[in-house]
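Okay, here's what each chain looks like letter by letter:
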Amino acid sequence: MSSTTDDVKPVSCTIKPPVYLQIGDTKPDPTHSGVCVVDVTLPFGKPVNIEEITFKNYYTAYVTVRLLRKSSGQEAPAKWSTALRDLPLMDNPHTEGGSQDYYSIHRTQMQVEPDHVVSVRLILRQPSSAWLTFSLEDIKIYPHMEPDPEKEVSDWLSDLTLVDQHPDLEGLPDPQTVSSSIQQMWALTEVMQTNQTTASIGRFDVNGCYDINLLSLT
């Protein structure tokens, strides 16, 4: 399940028992028919804008999602639309890969907008006869929640407050002390430049002549 549904509760719905399809009048083992239909009925009179559908797989190879949607603001009868066709749930229908994994189908994956939905039909397919049965478990439908404008403004102001806060200066010297020291150093430099002599001082020159002792030491 994605983080978008972490704080949202699933819609209260009725999940009907799976119906395995058969061909003609024959009555083979229904688990080997290869096609199963699971209908999920949403609360009567309360169409739902779907954000996400989550479930745990049980040996279903492919799932198709169909939605019964009502037209917004109209009394026209609801119509079925295919939102997603043959989504693979197993790496290979004949192997275990993905057979019991959790899956989520987000509204951005659907080919139609999953809004004003009154019923969801999940069509399951398992072409392999290696498995005795197949279905989906723990089916949940989460509603689409529009962002709260007031909350967005509040979050924006909080970000501004954090930006305006002073940075952490712990461990750094006091700015005023540093500024005072720099001013003293600048004043001392000015005084030294003012009093600097232009006379040239020789390395071994003592009163206009060279000191023999100094020369002998070099």
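Fair warning: this is a prediction, and the values are worked out from it, not measured in the lab. (Residues numbered from 1 in each chain as written. Predicted model: local features only at pLDDT ≥ 70, side-chain atom pairs only at ≥ 80, totals over all residues. Heavy atoms only, no water.)

**Q** Looking at this model, I keep getting lost on the environment of Glu96. Mind explaining?
**A** Here Glu96 shows up in the loop between strand S6 (79–88) and strand S7 (102–106). Note: C-alpha distance between Glu96 and Trp131 (35 residues apart in sequence) is 9.8 Å. (Helix = DSSP H or I, 4+ residues; strand = E, 2+ residues; numbered from the N terminus.)

**Q** For this particular structure, what's the right way to read the nonpolar core?
**A** In globular proteins that are soluble, nonpolar side chains generally tend to be buried together. One finds Ile50, Val65, Val120 and Leu122 to be the most contacted residues of the largest nonpolar core, which totals 30 residues. For this core, the secondary structure elements donating two or more residues are strand S3 (35–41), strand S4 (50–58), strand S5 (62–69), S6, strand S8 (117–125) and strand S9 (135–143). Looking at this core element by element, the count peaks at four residues for S8. Non-local contacts of Ile50, meaning those with residues more than four positions away in its chain, are made with Leu67, Arg107, Met110, Pro114, Asp115, Val117, Val120, Ile141, Tyr142 and His144. (Core = buried A, V, L, I, M, F, W, Y, C linked by side-chain atoms within 4.5 Å. Buried < 20%, exposed > 50% of the residue type's maximum accessible area, 1.4 Å probe, protein only. Contact = heavy atoms within 4.5 Å.)

**Q** What exactly am I supposed to notice about the packing of aromatic side chains here?
**A** Ring pairs (aromatic) are described by centroid distance and by the angle formed between their planes. All chains considered together, the criterion is met by four aromatic pairs. Just above the ring of Trp80 sits the side chain of Arg121; from NZ or CZ to the centre is 4.7 Å. (Phe/Tyr/Trp six-rings, centres within 6.5 Å; stacked < 30°, edge-to-face > 60°. Lys NZ or Arg CZ within 6 Å of the ring centre and 35° of its normal.)

**Q** Which parts of the structure should I look at to understand the pattern of salt bridges?
**A** As a working rule, side chains carrying opposite charge can pair if their charged atoms are close by. Using the criterion set out here, one finds three salt bridges in the structure. Arg121 is the partner of Asp39 in a salt bridge, and the nearest nitrogen-oxygen pair spans 2.7 Å. Here Arg121 lies in strand S8 and Asp39 lies in strand S3, a separation of 82 residues in the sequence. Of the charged contacts, one joins Arg107 and Asp115 as a salt bridge, the two residues approaching to 3.1 Å between their closest N and O atoms. Since its relative accessible area comes to 16%, Arg107 is described here as buried. (Salt bridge = Lys/Arg side-chain N within 4 Å of Asp/Glu carboxyl O.)

**Q** Please clarify how the sheet that holds S4 should be interpreted in this entry.
**A** Pairing between the strands of a sheet is mediated by backbone hydrogen bonds and can be parallel or antiparallel. Pairing is antiparallel across the open sheet formed by three strands, whose spatial order is S7-S4-S9. Edge strands, defined here as strands with exactly one partner in the open sheet, are S7 and S9. Neighbour-to-neighbour, the strand axes of this sheet turn through a mean angle of 20 degrees, independent of strand direction. Looking at chain direction, S4 and S7 are connected through five bridges and run antiparallel. Bridge assignment links Lys56 to a residue of S7, and that residue is Tyr102. (Pairing = 2+ DSSP bridges. Axes fitted to C-alpha atoms, helices over the stretch in contact; angles between N-to-C directions.)

**Q** Help me understand the environment of Leu21 in this model?
**A** Relative to the elements of secondary structure, Leu21 occurs in the loop between strand S2 (19–20) and S3. Using a relative accessible area of 40% as the deciding quantity, one classes Leu21 as partly exposed. Sequence separation between Leu21 and Gly34 is 13 residues, and the spatial gap between their C-alpha atoms is 7.8 Å.

The values are spatial; any link to function lies outside them.
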